[in-house]
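Topology and contacts: notes
What follows is each chain in one-letter form.
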Amino acid sequence: MSEPVRIAVLGAASEFARRRMLPAFAASHEVTLAAVASRDPDRAAQTAAEYGCRAFGSYPDLLEDEAVEAVYLPLPCALHARWARAALLAGKHVLVEKPVAMSGPEAAELSALARERGLALTENVLFVHHSQHRAALRYVTEGAIGRLQSFEATYTVPRRPRFDIRYQPALGGGALWDTGVYPVRAALHLAAPGHPLRLVGAVGRRGPGDTVDTSGSALLDGGDGLALQLTYGLDHSYRSSYTYQGSEGRLTVDRAYTPPADHLPEVRLERGGEVTRIPLAVDDQVDNAVTAFAEAVRTAAHPDPEVQRQAELLEEISRAASG
């Protein structure tokens, strides 16, 4: 058996990292949590004590540690590219929260750097590792809804407290960079895998008093008559779903992007006036993602091309929605 990948965490402020990723690292046989770094030494020490690992009071100090093979970056969006670059230059494999970068050229640069140095660069989009999506796509490709005509993907969440980093433009806040990533990646990964997508148009909106976008929509052309409608937001009722619309029916997946490990997934098939709910197997996308990253490290896998294309589409949508 391969030795567990020695991974360290740069940044201890992320609630998501503390709630989902650090426990997953601790439970996994594929990685071992080696260290935590924070600009707040007390927070680093407290988090490290919880997991029996070392604490660092600065990111550069951790990156110099030769015992660390890989780093996980749960930082604000605006800091992802900077510290992913620093980690790659320090010879570390990188697991970074989405998006890897806030522009296509930056994502391309980081991907090229990882390839040149034989290092893994993985974007932590968890839902692509859940088996429910392979099942849904299989039903569509096998003709369950006839010819695919359109794809609709939505991820919207309720408003968070006023001072949340998602509402701070200097930290890369805004609905597009936080929730818009999910429907964009769903379009790339599930609706038109391997095919080019062209942005037709986009709109964005700011809530009263907000300095970042809090909602938006984008229309993409997938070629051959395929239309893709993407919706995202930070000031909404919760919705996490996508729907394939075909010539003979439609297929929907709910709880699409952030299901807990004990969630009982299903696909809803509507055809000929009848609705069929097809149960699927329980799956843990977080554990799957950790395992996939460990394998990418061991094989020095090249970055997924979807990461760069996603960054390019996000940048295009951002420009169009603010124009």
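Preceding this paragraph is the structure being described.
Anyway, here's the lowdown on the structure attached to this text.

**Section: the overall build of the chain**
- Across its full length, the chain holds nine helices and 14 strands.
- A compact globule built from 323 residues would reach a C-alpha radius of gyration of about 20 Å, and the chain, at 20 Å, matches this within 12%.
- Expressed along its principal axes, the backbone C-alpha trace of the chain runs to roughly 60 × 50 × 35 Å.
- Accessible area for the chain stands at about 14200 Å²; split by element, carbon and sulfur atoms hold 50% of it.
- When the 33 basic and 40 acidic side-chain charges of the chain are each reduced to a single mean position, those positions are 4 Å apart.

**A word on the environment of Asp-210**
- For Asp-210, the position within the fold is in the loop between β8 (198-205) and β9 (215-221).
- Setting aside anything within four residues of it in sequence, one finds Asp-210 in contact with Arg-159 and Tyr-167.
- In terms of polar contacts, Asp-210 uses its side chain to reach the side chain of Arg-159, at 2.7 Å.

**Quick notes on the environment of Gly-204**
- Summarising the element assignment, Gly-204 is placed in strand β8.
- Measuring from C-alpha to C-alpha, the distance between Gly-204 and Gly-118 comes to 39 Å, with 86 residues separating the pair along the chain.

**Looking at the sheet that holds strand β2 (residues 31-37)**
- The sheet built from six strands is open, its strands ordered β3-β2-β1-β4-β5-β6 with parallel pairing. A single partner strand is all that each edge strand has here, and the edge strands are β3 (54-56) and β6 (121-123). Each adjacent strand pair in this sheet contributes to an overall mean axis angle of 25°, direction not counted.
- Here three bridges tie strand β5 (residues 93-96) to β6, and the two strands are oriented parallel to one another. Its bridge partner being in β6, Val-96 is matched across the sheet by Glu-123.
- Along the sheet face, helix α2 (residues 41-51) touches β2 and β3 and points at about 165° away from the line of β3.

Parameters and conventions
- Residues numbered from 1 in each chain as written.
- Predicted model: local features only at pLDDT ≥ 70, side-chain atom pairs only at ≥ 80, totals over all residues.
- Heavy atoms only, no water.
- Helix = DSSP H or I, 4+ residues; strand = E, 2+ residues; numbered from the N terminus.
- Rg over C-alpha atoms; globule rule 2.2 N^0.38 Å.
- Areas by Shrake-Rupley, 256 points an atom, 1.4 Å probe, with all protein chains shown as cover.
- Lys, Arg positive; Asp, Glu negative; His and termini not counted.
- Charge placed at Lys NZ, Arg CZ, Asp CG, Glu CD.
- Contact = heavy atoms within 4.5 Å.
- Polar contact = N/O pair within 3.5 Å; in protein donor to acceptor, adjacent residues only side chain to side chain.
- Pairing = 2+ DSSP bridges.
- Axes fitted to C-alpha atoms, helices over the stretch in contact; angles between N-to-C directions.

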